[in-house]
Amino acid sequence: MPPLRTPPPRSPTVSPDTPHALTAPDAADRLRLPDDVQQQLLRVAHHKQLQRGDSLFLKGSAPDALFGVVSGSLRVSVVAPGGREAVIAVLEPGHWFGEVSLFVGRERVYDTCAADTTEIAVVYADDFHHLVNTQPQVHMALTRLVCMRLRQALAWIDDAILQPLPVRLAHRLLTLDARPEASAGVTTLAVSQEDLAFMLGVSRQSVNRQLKLWEDEGILRVGYRVVEVMDRGRLEGCVRDGG
């Protein structure tokens, strides 16, 4: 599947804005920032509009801002020397990212582009560092976010080495950002089978076979660039029981 980036990237609209909430589907998600910290960030944020395929930043670019997804979604990926794209994550509303490069002062290590029409809150580096240096609760919340990302990354490495595909796929579906529930008990994930295959380093056919088995069992439903989880408990059971 060709990457969604558009070379060269367009120049999306950036404008200052007043604070408003970045709505997360699950406010208790451990990878989310507390509401009070979000509000402090939003008070100094500008807003950027992206259309599908617009690049937010590319690997190697300078660490100039922290970003939060207000609406829409973003693909996070890396590209191998041969041109093969590996999708790391699909970020949904409520997700903040880019803090690691700002903390260490090093270039970005992945690409991001809009998977659909997307609004981004942009906290520029000077404002970010001012908040971190003067607001201990902001510093602590961002430090905790970095630690949780590391913990998640180590868990994914363990999965890749030790676990069979059904467990790895179930775990990845359970940890992806979810869109707000369209109906009770249904979780919608804005991810394609190609994206899942890239994330797990397997073929699309292998992912399709396993998703089809779960679809036949009523655990989930597969649509165009979405997966709807119908029975989260049974999917969690796949992880606990080793597939």
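Our structure's up above, just so we're on the same page.
Residues numbered from 1 in each chain as written. Predicted model: local features only at pLDDT ≥ 70, side-chain atom pairs only at ≥ 80, totals over all residues. Heavy atoms only, no water.

Here we come to the overall build of the protein chain. On a plain count of helices and strands, the protein chain comes out with 8 helices and 12 strands. Evaluated residue by residue, the protein chain yields a buried proportion of 47% over its 243 residues. Considering only contacts within the protein chain whose residues lie at least 6 apart along the sequence, 74% involve residues at least 24 apart. Of the roughly 11900 Å² that the protein chain leaves accessible, carbon and sulfur atoms contribute 54%. (Helix = DSSP H or I, 4+ residues; strand = E, 2+ residues; numbered from the N terminus. Buried < 20%, exposed > 50% of the residue type's maximum accessible area, 1.4 Å probe, protein only. Contact = heavy atoms within 4.5 Å. Areas by Shrake-Rupley, 256 points an atom, 1.4 Å probe, with all protein chains shown as cover.)

Let's shift gears to helix H6 (residues 193–200). Most of H6 is tucked away, with 7 of its 8 residues classed as buried. Residues Gln193, Asp195, Leu196, Ala197, Phe198, Met199 and Leu200 constitute the buried set of H6. Those residues of H6 that are buried lie in contact with strand E5 (74–79), strand E6 (85–91), helix H5 (165–175), helix H7 (204–216), strand E11 (220–223) and strand E12 (226–229). Two residues or fewer past H6, glycine 201 is found with a positive phi of approximately 70 degrees.

This part covers the sheet that holds strand E3 (residues 55–57). With antiparallel pairing, the 4 strands of this open sheet are ordered in space as E3-E8-E5-E6. Unpaired on one side and paired on the other, E3 and E6 mark the two borders of the sheet. Strand-to-strand twist in this sheet, taken as the mean axis angle between neighbours without regard to direction, amounts to 30 degrees. Pairing geometry for E5 and E6, over 6 bridges, is antiparallel. Across the sheet, the residue bridging to valine 78 is alanine 86, located in E6. Sitting on the sheet, H6 is in contact with E5 and E6, with an inclination near 110 degrees to E6. (Pairing = 2+ DSSP bridges. Axes fitted to C-alpha atoms, helices over the stretch in contact; angles between N-to-C directions.)

This part covers helix H3 (residues 125–134). What H3 keeps buried is the set Ala125, Phe128, Leu131 and Val132. Along the axis of H3, the buried positions cluster into a sector of 130 degrees, meaning they face one direction only. Away from its buried face by more than 90 degrees, H3 exposes Asp126, His130 and Asn133. (Arc of directions from axis to C-beta.)

Moving on, we come to the sheet that holds E11. Strand order in the open sheet formed by 3 strands is E10-E12-E11, and the pairing between neighbours is antiparallel. Looking at the sheet topology across the chains shown, the edges are occupied by strand E10 (187–189) and E11. On average, each strand axis in the sheet is inclined to that of its neighbour by 20 degrees, with strand direction left out of account.

In terms of burial, strand E4 (residues 65–71) is largely enclosed, as 6 of its 7 residues are buried. Alignment of E4 against strand E9 (residues 118–124), held across 6 bridges, turns out to be antiparallel. Note on E9: the bridge partner recorded for alanine 65 is tyrosine 124. Of the pairings in the sheet, the one linking E4 to strand E7 (residues 96–97) comprises 2 bridges and is antiparallel in character. The residue of E7 that forms the bridge with phenylalanine 67 is phenylalanine 97.

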